[in-house]
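# A structural walkthrough
Listed here are the chains, written in short residue letters.
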Amino acid sequence: MTELNKLTSLFRELALLEKDLANSQGLPIQVARLFIAICEIGETDVETSEANSTLGYNSATLSRNITTLSSRPKRTGKGLGLITTYDDPKDRRQKLISLTAKGKIVRNTLIKTIK
């Protein structure tokens, strides 16, 4: 499989996620980048600041994309349920991110797609 075919397959898998978003006009690339960054950093205890420094998003963009990846309700429907967030017990100002069971399945599917 050529590199472009792998990329096309990866985008196809990511596009399947958009059907879970009500009123979706496509999965924003920002959301996909955040999910992939979380997967790269680790599946548990990813600091939001660490994900943000990897991507360089402003805090509003990061927050909006975290909401889309999580199960929290959105104005336009529901989140994807791929991650969960919780307070860092060491620093309550910091949020931690971990993949849900569904998030781990999607991560594994993406990895298989590009191999």
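### A look at the environment of T61
- Inspection of the secondary structure assignment puts T61 in helix α4 (residues 59-69).
- Once the C-alpha coordinates of T61 and V31 are considered, the two residues, 30 residues apart in sequence, prove to be 9.4 Å apart.

### Digging into the pattern of salt bridges
- Under the criterion given, the structure shown has three salt bridges.
- Residues K6 and E3 are paired through a salt bridge, measuring 3.7 Å at the closest nitrogen-oxygen approach. Here K6 pairs with E3, and both are found in helix α1 (residues 3-18), just three residues apart, close to one helical turn.
- For K6, a relative accessible area of 19% puts it in the buried group.
- Notably, a salt bridge pairs K95 with D87, separated by 2.7 Å at the nearest N-O pair.
- Judged by relative accessible area, which is 38%, K95 ranks as partly exposed.
- Taking relative accessible area as the criterion, D87 reaches 31% and is therefore assigned partly exposed.

### Quick notes on the packing of helix α2 (residues 29-41) against α4
- For the pair α2 and α4, the least separation of the axes is 9 Å and the interaxial angle reads 80°. Taken together, the axes of α2 and α4 lie roughly perpendicular to each other. Between α2 and α4, the residues in contact are Q30, V31, L34, F35 and I38 and T61, L62, R64, N65, I66, T68 and L69, respectively.
- Along the lines of polarity and charge, the residues of the contact of α2 with α4 split into seven nonpolar, four polar and one charged.

### Digging into the confidence of the model for the chain
- With 87% of its residues at a pLDDT of 70 or more, the chain has an overall mean of 83.
- The secondary structure element of the chain with the lowest average pLDDT is α1, at 78, and the one with the highest is strand β2 (residues 83-88), at 91.

### Brief notes about the side chain of N52
- Structurally, N52 is set in helix α3 (residues 48-55).
- Of the residues examined, N52 reaches a relative accessible area of 18% and is grouped as buried.
- With residues near it in sequence (within four places) discarded, N52 still touches Y57, N58 and L62.

### Considering the layout of surface pockets
- Estimated volume of the second largest pocket: approximately 170 Å³.
- In this structure, the second largest pocket is lined by T48, S59, L62, S63, I66, R72, T85 and K95.
- For the lining of the second largest pocket, the element with the highest residue contribution is α4, accounting for four residues.
- Here the residues of the lining of the second largest pocket sort into two nonpolar, four polar and two charged.

### What to know about the nonpolar core
- Of all hydrophobic cores here, the largest spans 24 residues; its most connected members are L34, I38, L69, L82 and I83.
- Elements with a minimum of two residues in this core: α1, α2, α3, α4, β3 (91-99) and α5 (101-114).
- By residue number, the principal contributor to this core is α2, which donates six residues.
- Those residues in contact with I83 that lie beyond four places of it in its chain are I38, I66, L69, S70, S71, I97, S98, L99 and T100.

Basis of the calculations
- Residues numbered from 1 in each chain as written.
- Predicted model: local features only at pLDDT ≥ 70, side-chain atom pairs only at ≥ 80, totals over all residues.
- Heavy atoms only, no water.
- Helix = DSSP H or I, 4+ residues; strand = E, 2+ residues; numbered from the N terminus.
- Salt bridge = Lys/Arg side-chain N within 4 Å of Asp/Glu carboxyl O.
- Buried < 20%, exposed > 50% of the residue type's maximum accessible area, 1.4 Å probe, protein only.
- Axes fitted to C-alpha atoms, helices over the stretch in contact; angles between N-to-C directions.
- Parallel < 35°, antiparallel > 145°, perpendicular 65-115°, else oblique.
- Contact = heavy atoms within 4.5 Å.
- Nonpolar A, V, L, I, M, F, W, Y, C, P; charged D, E, K, R; others polar.
- pLDDT = per-residue confidence, 0-100.
- 1 Å grid on protein atoms, 1.4 Å probe; cavity = no way out; pocket = protein on both sides within 12 Å on 5 of 7 lines; lining within 4 Å.
- Points joined across faces, edges and corners; volume = space filled by probe spheres on them.
- Core = buried A, V, L, I, M, F, W, Y, C linked by side-chain atoms within 4.5 Å.

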